[in-house]
Amino acid sequence: MVRAYFKSFAQSLRTTDMTDLRWMGADGFSVGRMRIELLSGLTVALALVPEAVAFAFVAGVHPLVGLYAAFMVGLITALIGGRPGMISGATGALAVVMVALVAQHGVEYLFATVILMGLLQMFAGVMQWGKFIRLVPHPVMLGFVNGLAIVIFLAQMGQFKVPGSMVDTGHGMSGGEWLSGTPLFLMLALVAATMAIIWVMPRVTKLVPAPLAGIGIVAVVVIFTGMDVPRVGDLASIQGGLPSFHNPFGTGEGLYGTALAPFNLETLYIIAPYAVILAAIGLIESLLTLNLVGDMTNSRGGASQECIAQGVANTVTGFFGGMGGCAMIGQSMINVKSGGRTRVAGIAAAVFLLLFIVVAAPLIELIPLAALVGVMFMVVIGTFAWNSLTILRKVPLIDAFVILLVTVVTVYEDLAVAVVVGVIVSALAYAWNNARRIHAKTYTTPEGAKVYQIQGPLFFGSAEGFSELFDVAGDPAVVIVDFEDSRVVDQSALQAIEAIAAKYEGAGKRIELRHLTRDCHALLTKAGHLMIDSDDDPDYQLAVDYRVRTGILGSH
């Protein structure tokens, strides 16, 4: 029996939600495609450097912790992820949760948390919970992309401060002195120049991705003219070696001078709440990004496969001194806009990033931050759903409210909270709209029975309205409730049926149910409400009238 179960489970994994794992996709290898993918990967890798360093500062850890995470998570998800062309790495949404853990317990506890986070994500993938992302309404998606576009924009504001002026408060980097005068003018000019190059380049040639051309041209100008502007090296040195295996559990001193995390229940109690939150945030952001990239590339992805890939990536990263990560919408947009469509682009981005760390750090540290800020500003412009501003007055008021609500909560709280709030509000609005649809048409049969033809679903939201449809005192001795145009959905519906049946029973009258669909029939039979004393056919072939048994659920 156990063997049969696992065979069935393995079959379900093979037949559902699996994505092509070939590096070059269905079209196969070509020199032109490989060139585009490699250049797209290089562009993404350049943009990853300041992002990974900045998110490491937010989390309160060494820059290499963020860079190693970007490499490890990016490489593994590129190899086995659910969406070719999607980029993953260290993200700000996760970093803001990590900072309190690092401040209180040290970076080794963070590594342990990332390992547990990955295990939880793999469990979610194995259970195929990723499919529930389809329950996210479109207004929530619009709010998600708008909120993240604003977050990406605000994250670039730190690059307009004097290098080294921001301080570590124990809860991330803050404060700092804004650039002014000539340095500010040069920064703005270079940002504008980068954006202009990215806008013009596709109209001139598509041999080189526009973002890469923007970074390259501006970097060459700055380096050869010796402009005094903030550069990547002013954030921190990215020089390092290859990531090596590191067990965060044990006693004694770990990496970066902090104590190792004991392998005991006390450690589990500390890291488990953080791991659950991080796993949820990581999967939500990854799955929403997966859908967004799929819409842009007109390709199908595997949600459960992405969950497993994210979990494997984070578990491995935790054992190699990385801070963990998830899908990055900004970098994914850069990749897609640069032409990246296959797994090669993500793999190339990770490999280039590692080469930057090990070999090319002195050169990469010369790149002006203005060029990378310009790229991210173009990402913001491309990510923000500008059409959402024009449709706010055209869509239902509640949908417009959800778009704005999710956007605001994403900016001021975090992505996971924003999506959950948006889904809850949308679900409540849907429930309310359906609750108002409950009504009934009535007529009297030649035999003198009164028939109530129920219209609309019967569930927790419409249960009270259902009860108000009946005239117990004025109805005849036999009342038939016809559910041909209705559905009995939940326990509240069962309670409402039993309550109204009890009222008729108390008045010495009889109530019967007609035209139950198979699911409604099964629900009522399981609860014990149906008294089946005739040929039973819940498929409308016979208008079977079922009497109702009361006193099962009680009056409360």
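Predicted model, so just to flag it, every value in this text is computed and none were measured.

### Comments concerning the overall build of the chain
Tallying secondary structure elements over the chain gives 21 helices and ten strands in all. Burial analysis of the chain (556 residues in total) assigns 51% to the buried set. Put simply, of all contacts in the chain between residues at least 6 apart along the chain, 79% involve residues at least 24 apart. Working note: accessible area of the chain is about 25,100 Å², and carbon and sulfur atoms make up 65% of it.

### Observations regarding the environment of Leu469
Looking at where Leu469 falls in the secondary structure, it is placed in the loop between helix 19 (463-467) and strand 7 (478-485). For Leu469 and His439, which are 30 residues apart along the polypeptide, the C-alpha to C-alpha distance reads 7.0 Å. Those residues in contact with Leu469, other than ones at most four positions away along the chain, are Ile438, His439, Ala440, Tyr452 and Ile454.

### What to know about the side chain of Ser338
Among the structural elements, Ser338 can be located in the loop between helix 12 (329-337) and helix 13 (343-358). Once residues within four sequence positions are removed from consideration, Ser338 is found in contact with Ile36, Ser40, Thr43, Pro209 and Pro211.

### Focus: the nonpolar core
Formed by 125 residues in total, the largest nonpolar core has its most connected members in Val61, Leu110, Leu288, Met323 and Leu353. Among the elements that take part in this core, helix 10 (residues 265-297) stands out by supplying 14 residues, more than any other. Membership of the second largest hydrophobic core comes to 24 residues, among which are Phe470, Val472, Phe483 and Cys520.

### Remarks on the packing of aromatic side chains
Taken as a whole, this structure holds twelve aromatic pairs when the rule is applied. Ring centres of Phe123 and Trp129 lie 5.4 Å apart, and the angle between their planes is 85°; on these two criteria the pair is classed as edge-to-face. The class of Phe123 is partly exposed, set by a relative accessible area of 46%. Under the relative-accessibility criterion, Trp129 is labelled partly exposed at 43%. Seen in terms of ring centroids, Phe160 and Phe377 are 6.4 Å apart; in terms of plane orientation they differ by 10°. Their pairing is stacked.

### Structural notes on a nonpolar patch on the surface
Nonpolar side chains collect at one region of the surface, where Phe123, Val126, Met127, Trp129, Phe132 and Leu135 lie side by side and expose about 610 Å² of accessible area between them. Along the chain, Val126 turns up in helix 5 (residues 107-126). A relative accessible area of 33% means that Val126 is categorised as partly exposed.

### Observations regarding the pattern of salt bridges
On inspection of all chains with the given rule, the structure shows three salt bridges. We note a salt bridge from Lys450 to Asp475, for which the minimum N-O separation is 2.9 Å. In this pair, Lys450 is assigned in strand 6 (residues 450-455) and Asp475 in the loop between helix 19 and strand 7, connecting sequence segments 25 residues apart. Judged on exposure class, the residue Lys450 and its partner Asp475 are both buried. Close ionic contact of Glu512 with Arg510 constitutes a salt bridge, the shortest N to O distance being 2.9 Å. What makes Glu512 buried here is its relative accessible area of 10%.

### A closer look at helix 6 (residues 138-155)
Its 18 residues place the ends of helix 6 26 Å apart at the C-alpha level, agreeing with the 26 Å of an ideal helix rising 1.5 Å per residue. When we look at burial in helix 6, the residues that qualify are Pro139, Val140, Met141, Leu142, Gly143, Phe144, Val145, Asn146, Gly147, Leu148, Ala149 and Ile152. Those residues of helix 6 that are buried are in contact with helix 10, helix 12, helix 15 (369-383), helix 16 (387-391), helix 17 (397-412) and helix 18 (415-435).

### Topic: the packing of helix 2 (residues 31-59) against helix 4 (residues 92-105)
Interaxial distance between helix 2 and helix 4 falls to 7 Å at its minimum, and their mutual angle equals 35°. Along its contact with helix 2, which presents Phe55, Val58 and Ala59, the element helix 4 presents Gly92, Ala95, Val96, Met98, Val99 and Val102. The residue makeup of the contact of helix 2 with helix 4, split by class, is eight nonpolar, one polar and no charged.

### Re the pairing of strand 6
Burial of strand 6 is extensive: five of the six residues sit out of reach of the surface. When strand 5 (residues 439-444) meets strand 6, the two strands line up antiparallel, connected through six bridges. Its bridge partner being in strand 6, Lys441 is matched across the sheet by Gln453. In this antiparallel pair of consecutive strands, strand 5 and strand 6, the connection spans five residues, and Gly448 shows a positive phi of 95°. In the sheet, strand 6 pairs with strand 7 via five bridges, with the strands oriented parallel.

### With respect to helix 10
Under the 1.5 Å per step criterion, the end-to-end length of helix 10 is 45 Å for 33 residues, consistent within 8% with the ideal 48 Å. Within helix 10, the axis deviates most sharply at Ile271, by approximately 40°, and proline Pro273 lies no more than four positions further along. Taking the backbone nitrogen of Glu266 as reference, a side-chain oxygen 3.3 Å away marks Asn264 as the first, capping residue of helix 10. Downstream of helix 10 by one or two residues, Asn298 has phi in the positive range, about 55°.

### Concerning the confidence of the model for the chain
Overall, the predicted model of the chain reaches an average pLDDT of 85, with 88% of residues at or above 70. When mean pLDDT is taken per element in the chain, helix 5 scores highest with 95 and helix 1 (residues 2-15) scores lowest with 50. Under a pLDDT of 50 for its full length, residues 533-537 has, in the predicted model, nine contacts with residues more than four places off or in other chains.

### Let's talk about the environment of Val336
Examined against the element boundaries, Val336 turns out to sit in helix 12. The exposure class assigned to Val336 is buried, which follows from its relative accessible area of 6%. Linking Val336 and Thr297, residues 39 residues apart in sequence, is a C-alpha distance of 7.7 Å. Ignoring anything within four residues of it in the chain, the contact list for Val336 reads Val293, Met296, Thr297 and Arg341.

### Topic: the pairing of strand 7
Pairing analysis gives five bridges linking strand 7 to strand 8 (residues 510-514), with the strands arranged parallel. By the bridge assignment for strand 8, Val481 is matched with Leu513. Tracing the backbone out of strand 7, into helix 20 (residues 491-506) and back to the parallel element strand 8 gives a crossover that is right-handed.

### Regarding unusual backbone geometry
Positive phi, normally seen in glycine, also occurs at Gln128, with a value near 60°. The residue Gln128 is located in the loop between helix 5 and helix 6 in this model. At Tyr256, a residue that is not glycine, the phi angle is positive and equals roughly 60°. As for its position among the elements, Tyr256 is in the loop between helix 9 (232-235) and helix 10.

The rules we used
Counting from 1, residues in each chain are numbered in the order their sequence is written. Residues qualify for local features only when their pLDDT is at least 70, as the model is predicted, and side-chain atom pairs are given and counted only at 80 or more; totals for whole chains, interfaces and linings, by contrast, use all residues. Hydrogens and water molecules were not included; the side-chain quantities draw on all heavy atoms of the structure. Helix numbers and strand numbers start at the N terminus; a helix is a DSSP run of H or I with at least 4 residues, a strand a run of E with at least 2. Categorising residues by exposure relies on relative accessible area from a 1.4 Å probe, with only protein chains included: less than 20% of the type maximum marks a residue as buried, more than 50% marks it as exposed, and the intermediate range marks it as partly exposed. Residue contacts follow a heavy-atom distance rule, with two residues in contact if any of their heavy atoms lie within 4.5 Å. To be clear on the numbers: accessible area is Shrake-Rupley with a 1.4 Å probe, and residue cover counts the displayed protein chains and nothing else. Definition used in this section: a nonpolar core is a set of buried Ala, Val, Leu, Ile, Met, Phe, Trp, Tyr and Cys residues joined via side-chain atoms within 4.5 Å. Note on ring pairs: Phe, Tyr and Trp rings are taken, using the six-membered ring of Trp, and paired if centres are within 6.5 Å. Classes follow the plane angle, with under 30 degrees stacked, over 60 edge-to-face and the rest tilted. Each patch is assembled from residues with relative accessible area greater than 30% and no salt bridge, linking like charges that lie within 9 Å and nonpolar side chains (Val, Leu, Ile, Met, Phe, Trp, Tyr) that lie within 5 Å. Any Lys or Arg side-chain nitrogen found within 4 Å of a carboxyl oxygen on Asp or Glu counts as a salt bridge. To estimate the expected span of a helix, subtract one from its residue number and multiply by 1.5 Å. Axes here mean lines fitted to C-alpha atoms, for a helix over just the part in contact, with angles spanning 0 to 180 degrees between N-to-C directions. Gly is placed with the polar residues, together with every amino acid not listed as nonpolar (Ala, Val, Leu, Ile, Met, Phe, Trp, Tyr, Cys and Pro) or charged (Asp, Glu, Lys and Arg). Paired strands are those between which DSSP finds at least two bridges. Here the bend at a residue is taken as the angle between two axes, fitted respectively to the seven residues that end there and the seven that start there. N or O atoms within 3.5 Å of each other form a polar contact, as long as, within protein, one can give a hydrogen and the other can take it, and as long as residues adjacent in sequence are counted only when both atoms are side-chain atoms. Residue-level confidence of the predictor is summarised by pLDDT, bounded by 0 at the bottom and 100 at the top. By the criterion used throughout, a crossover qualifies as right-handed when its path from the first strand across the helix to the second strand runs clockwise, the strands pointing away from the viewer.

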